[in-house]
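Secondary and tertiary structure notes
Each chain, letter by letter, is given below.
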Amino acid sequence: MKVSSHAVARMLGHWREGPGPAHQRLSDRLRLLILDGRLSLGAALPSERDLATALHTSRTTVGASFRTLVGQGYLTTRSRTRATVRLPGDFAPEQPVRADADTIDLSFAAPAAPVEVLHAAFAAALEGLPRHFERHGYDRSGTAELREAVARWYQRRGLPTRPDHILITNGAQHALALLAGVLLSPRDRVLIEHPTYPHAITTFIRARARILPVAVTSCGWDTEQLQAAGQAANLAYLIPDFHNPTGMCMPTSVRRRLRIACPVIVDETMTDLALDVPSPEPFALHMPTAISIGSVSKSVWGGLRIGWIRAVPPLLERVERARPATDLGTPVVEQLATAVLLNEHRTRRPDTLQQLRSQRDSLGQALTEHLPGVDVVKPTGGVTLWATFPRPISSRLAAVAPDHGVAIAAGPRFGVGGAFERNIRLPYTLPPGQLATAVRRLARAEQALAHGATGTHAPAPIA
Ligand SMILES: Cc1ncc(COP(=O)(O)O)c(C=O)c1O
């Protein structure tokens, strides 16, 4: 697939921001786009001349950045053909992020499993399992037990829901991919919050949709801008409950006012992680047409791989019909265990919430102490905070940080057009001592960067 110079320029956005020579910044940004899947494997890039014109830079700069990427294995070139996107080896980055077992991984925003709670849920699930042995075990919409449990979870939160409003998926990301598959056509426009969850952006780009970003700032959501963008969009994707990455929660007043003309997917993956505020009401209470997706990945454990879609039955039937192209159903034991967890109200555990509060506060204190120039808005829930540096160093800091024993997710991965070079996302899902050590290491990495260090680490995988 050929990618035009204008499309690449749009994806690159403000690529010039940051320290170091221009060709290096350009190759860093292109590499990030490749590793995030926004420039897909096999995509043919524009010629050096066309890209230089679109970027208002010299052909030498573009040529040098292409040569770097060829050397690193991210591009192949042959005479008279366009440079083509590839990955080095079998996705072997120059230096794997986890080369050192001592590296503290802040790229995954997910808590460890609550061991006893999970043991008990699986023990109960195994008792119920034989009831399923008489059938083939393939179920595209999920087991009756779990659909009923999810419906009850919504009902308890004030939103009338029947089991036939629920389709069980392998996590919220799977739910999103299934919905994108049935709701989007190439060139459709998708409204996203900016920043947003990176794998959602990749999902929409893979569906060949165009992204319509609407800023979410430290002041929150702008109702008018969302509504205006909704007029031009075919689909909207919002994370109103403890938004990833900022941790902010959309106020009830905004939910009540908001009218979006296109279909809206609301990702309520973080709903059960309210730390300082009451649990938010289901978004669909105020927007009954909203398609909700949820998951127990953050409230219990990502390894369960259980999520769901709440929508009207005709839409769920479309998803069910499309589903076999990617998978034939969700494992039964995990579904039964999740039904137990939901029925016993284990997705909102006071001890876990208290632990998250204290980890969040430790992370905040460590940032104040070791990185005093960094600005943070304290999140009221979820598992991440969004740190803002005084200078646009995010991608380069992420590339250097593993040399100092910490892996982080750079800000531009949470946006489009090269935005958020001043930001990084920091999860508070590790014990306070490890978070403090991680911040000290990050401060050392920032110092090294200021003294001219350059990193070679590929962006870490994130969740
Ligand atoms: C907002 C959001 N949606 C979806 C997901 C993916 O969730 P799951 O693990 O259930 O697929 C995540 C994981 O980080 C997330 O933060």
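Residues numbered from 1 in each chain as written. Predicted model: local features only at pLDDT ≥ 70, side-chain atom pairs only at ≥ 80, totals over all residues. Heavy atoms only, no water.

1. Considering the nonpolar core
Judged by nonpolar contacts, the single largest core of 47 residues is most densely connected at Leu238 and Trp308. Listing elements by their share of this core, those giving two or more residues are α5 (115-128), α6 (144-156), β4 (166-169), β6 (210-217), α9 (223-232), β8 (235-238), β9 (264-267) and α12 (332-343). Ranked by residues supplied to this core, first place goes to α12 with 7 residues. Among the nonpolar cores identified, the runner-up in size contains 38 residues, and Ala274, Val383, Ala387 and Val439 belong to it. (Core = buried A, V, L, I, M, F, W, Y, C linked by side-chain atoms within 4.5 Å. Buried < 20%, exposed > 50% of the residue type's maximum accessible area, 1.4 Å probe, protein only. Helix = DSSP H or I, 4+ residues; strand = E, 2+ residues; numbered from the N terminus.)

2. A look at the side chain of Ser292
Along the polypeptide, Ser292 turns up in strand β10 (residues 291-295). The contact partners of Ser292, leaving out residues within four places of it in the chain, are Tyr154, Val266, Glu268, Ala284, Trp308, Ile309 and Arg310. (Contact = heavy atoms within 4.5 Å.)

3. Digging into the environment of Lys2
Position of Lys2 among the secondary structure elements: in the segment before α1 (5-12). For Lys2, a relative accessible area of 65% puts it in the exposed group. Taking the C-alpha atoms as reference, Lys2 lies 49 Å from Thr352; in sequence the two are 350 residues apart. Once residues within four sequence positions are removed from consideration, Lys2 is found in contact with Ala44 and Arg82.

4. Regarding the sheet that holds strand β11 (residues 307-310)
Within the open sheet, the 8 strands sit side by side as β4-β11-β10-β9-β8-β5-β6-β7. Their pairing is mixed. On the outer flanks of this sheet lie β4 and β7 (220-221), each paired with one strand and no other. The strands touched by α6 within the sheet are β4, β10 and β11, with β4 carrying the most contacts at an inclination of about 115°. On top of the sheet, helix α11 (residues 313-322) reaches β4, β10 and β11; it is set at about 30° to β4, its chief contact. (Pairing = 2+ DSSP bridges. Axes fitted to C-alpha atoms, helices over the stretch in contact; angles between N-to-C directions.)

5. Quick notes on the domain arrangement of the protein
Examined at the domain level, the protein breaks down into domain 1 (5-85), domain 2 (97-113 + 349-450) and domain 3 (115-343). Taking only C-alpha atoms, the centre of domain 2 and the centre of domain 3 are 26 Å apart. Contacts between the two partners involve 28 residues from domain 2 and, on the opposite side, 30 residues from domain 3. Buried surface at the junction of domain 2 and domain 3, summed over both partners, amounts to about 2300 Å²; 62% is from carbon and sulfur atoms. With a closest N to O distance of 2.7 Å, Arg360 and Asp276 form a salt bridge. (Domains from an automatic or database assignment. Buried area = accessible area lost by both parts, 1.4 Å probe. Salt bridge = Lys/Arg side-chain N within 4 Å of Asp/Glu carboxyl O.)

6. A short note on the confidence of the model for the protein
In low-pLDDT segments, the atomic positions of the prediction should not be examined closely. Confidence along the protein averages 92 in pLDDT terms, with 95% of residues attaining 70 or more. Scored below 50 in pLDDT, residues 90-99 makes 24 contacts in the model with residues more than four places away or belonging to other chains. (pLDDT = per-residue confidence, 0-100.)

7. Concerning the sheet that holds strand β16 (residues 423-427)
Read across the sheet, 4 strands follow the order β12-β13-β16-β15 without closing on themselves; strand pairing throughout is antiparallel. Two strands in the sheet have a free side with no partner beyond their single neighbour: β12 (375-376) and β15 (409-410). Pairing of β15 with β16, which is carried by 2 bridges, proceeds in the antiparallel orientation. Of the residues in β16, the one forming a bridge with Ala410 is Ile424.

8. A look at the site of the ligand
Contacts to the ligand come from 14 residues, most closely from Asn244, Asp267, Ser295, Ser297 and Lys298. Separating an oxygen atom of the ligand from a side-chain N or O atom of Asn244 is a distance of 2.7 Å. In this structure, an oxygen atom belonging to the ligand sits 2.7 Å away from a side-chain N or O atom of Ser297. (Near = heavy atom within 4 Å. Polar contact = N/O pair within 3.5 Å; in protein donor to acceptor, adjacent residues only side chain to side chain.)

9. Considerations on the side chain of His243
Counting through the fold element by element, His243 comes out in the loop between β8 and α10 (252-257). Taking relative accessible area as the criterion, His243 reaches 0% and is therefore assigned buried. At 2.9 Å, the side chain of His243 forms a polar contact with the backbone oxygen of Pro195. If near-sequence neighbours (up to four positions away) are discounted, His243 is found in contact with Glu193, Pro195, Thr196, Val216, Trp221, Met248 and Thr384.

10. Let's talk about the packing of aromatic side chains
Two measures describe an aromatic ring pair: the distance that separates the ring centres and the angle between the ring planes. For the structure on display, the rule yields 5 aromatic pairs. Ring geometry for Trp153 against Trp308: centres 5.3 Å apart, planes inclined by 70°, an arrangement best described as edge-to-face. Here the residue Trp153 occupies a position in helix α6, and Trp308 occupies one in strand β11, the gap between them amounting to 155 residues. Overall, the relative accessible area of 1% leaves Trp308 in the buried class. Linked through ring pairs, Trp153, Tyr154 and Trp308 together constitute an aromatic cluster. Sitting over the ring of Trp153, Arg157 keeps its end group 4.4 Å from the ring centre. (Phe/Tyr/Trp six-rings, centres within 6.5 Å; stacked < 30°, edge-to-face > 60°. Lys NZ or Arg CZ within 6 Å of the ring centre and 35° of its normal.)

11. A closer look at the pairing of β16
Successive residues of a regular strand alternate their side chains across the two faces of the sheet. Burial within β16 is extensive, with 5 of its 5 residues counted as buried. Taking every second residue as pointing to the same face, both faces of β16 are buried, with Asn423, Arg425 and Pro427 on one and Ile424 and Leu426 on the other. Note that strand β13 (residues 384-388) and β16 share 5 bridges and pair antiparallel. Looking across to β16, one finds that Thr388 is bridged to Asn423.

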